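# Structure at a glance
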Amino acid sequence: SDCSKSALRQAIALGERFKAELTLLHVWTAPSYVDPHHRMTMFGRHQTLQQFAFAEVDKEMRRLLATLSRSDNIVASARVEAGDAQAQIIELAAQGYDLVVMGTHGRTGLPHWLLGSVAERVVRSSPCPVYVARNNGDDDELSLKKIIVAVDFSICSQIALRHAVQLAEQGDAEITAMHGVEFP
């Protein structure tokens, strides 16, 4: 999707800046109305729907890795998993990753209520920081000039502020710390 392409561009920029290895992850979730283990013949091959989906995703992942391998600055690998996207992302993040970068469609209202937000659920339960990228059309270059950090004086917000400082130092960005108070 455009959202995941945007997240990939942001992840590459962060990876280059911090000399980090990237793991590209695609989680395939079978539509609820089909059996992923149903066997069928597609393109002359007898296989399950899941096998077909994995083969198609694998082709795309190989193409992306080939593109990334042309860059001397990025070391990348790819994984394809099946199941619940949030659970798979959290499980992989718990294996020692420093950051999850993912896209969001930015749905609101009824579509958000019906479909939910994988990004929102990952942010709430990730064992590491999560960078959520939106597709704004002009995000080929990661440009961090102004960073806002919402703080509530908790340990979590102190950690978020430290991460923001690290990002700001890499991009010579200005940081604004903001504490909001809700009145009844």
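In what follows, the structure referred to is the one given above.
Anyway, here's the lowdown on the structure attached to this text. Every value quoted in this text rests on a predicted model; they were computed, and no experiment measured them. (Residues numbered from 1 in each chain as written. Predicted model: local features only at pLDDT ≥ 70, side-chain atom pairs only at ≥ 80, totals over all residues. Heavy atoms only, no water.)

With that settled, the discussion passes to the packing of helix α3 (residues 85-93) against helix α5 (residues 118-125). Put simply, α3 and α5 touch, their axes get as near as 9 Å, and they point 35° apart. Seen from above, α3 lies across α5 with right-handed handedness. Contact with α3, carried on its side by Ala85, Gln86, Ile89 and Ile90, involves Val118, Arg121, Val122 and Ser125 of α5 and no other residues of that element. Partitioning the contact of α3 with α5 into residue classes produces five nonpolar, two polar and one charged. (Axes fitted to C-alpha atoms, helices over the stretch in contact; angles between N-to-C directions. Helix = DSSP H or I, 4+ residues; strand = E, 2+ residues; numbered from the N terminus. Left-handed = near helix turned anticlockwise from the far one by under 90°. Contact = heavy atoms within 4.5 Å. Nonpolar A, V, L, I, M, F, W, Y, C, P; charged D, E, K, R; others polar.)

The next subject is the pairing of strand β3 (residues 45-48). Alignment of strand β2 (residues 39-42) against β3, held across four bridges, turns out to be antiparallel. What sits directly across from methionine 42, in β3, is arginine 45. (Pairing = 2+ DSSP bridges.)

Turning our eyes to something else, we now look at helix α1 (residues 2-18). The terminal C-alpha atoms of α1 lie 24 Å apart, and with 17 residues this matches the ideal 24 Å at 1.5 Å per residue to within 8%. When we look at burial in α1, the residues that qualify are Cys3, Ser6, Ala7, Leu8, Gln10, Ala11, Ile12, Ala13, Leu14 and Gly15. Once α1 finishes, lysine 19 follows within two positions and takes phi at roughly 50°, a positive value. (Expected span 1.5 Å × (residues − 1). Buried < 20%, exposed > 50% of the residue type's maximum accessible area, 1.4 Å probe, protein only.)

Turning next to the nonpolar core. Core analysis: the largest hydrophobic core is formed by 13 residues, its most contacted members being Tyr131, Leu142, Ile147, Val149 and Ala173. Elements supplying a minimum of two residues to this core: α1, β6 (130-133), β7 (146-150) and α6 (155-171). At three residues, α1 tops the list of elements feeding residues into this core. Judged by nonpolar contacts, the second largest core, of ten residues, contains Leu22, Val57, Met61 and Leu64. (Core = buried A, V, L, I, M, F, W, Y, C linked by side-chain atoms within 4.5 Å.)

A few words now on the side chain of serine 157. Its place among the elements puts serine 157 in helix α6. A polar side-chain atom of serine 157 sits 3.2 Å from a polar atom in the side chain of aspartate 152. Contact partners of serine 157, with chain neighbours within four places excluded, come to Ala150, Val151 and Asp152. (Polar contact = N/O pair within 3.5 Å; in protein donor to acceptor, adjacent residues only side chain to side chain.)

On to unusual backbone geometry. Trans peptide bonds make up most of the peptide bonds, and negative phi angles are found at most residues other than glycine. Here the phi dihedral of lysine 19 falls at roughly 50°; this positive angle occurs in a residue that is not glycine. The residue phenylalanine 153 is not glycine, and still its phi comes out positive at about 70°. In this fold, phenylalanine 153 is placed in the loop between β7 and α6.

Any functional reading would require information that these geometric values do not contain.
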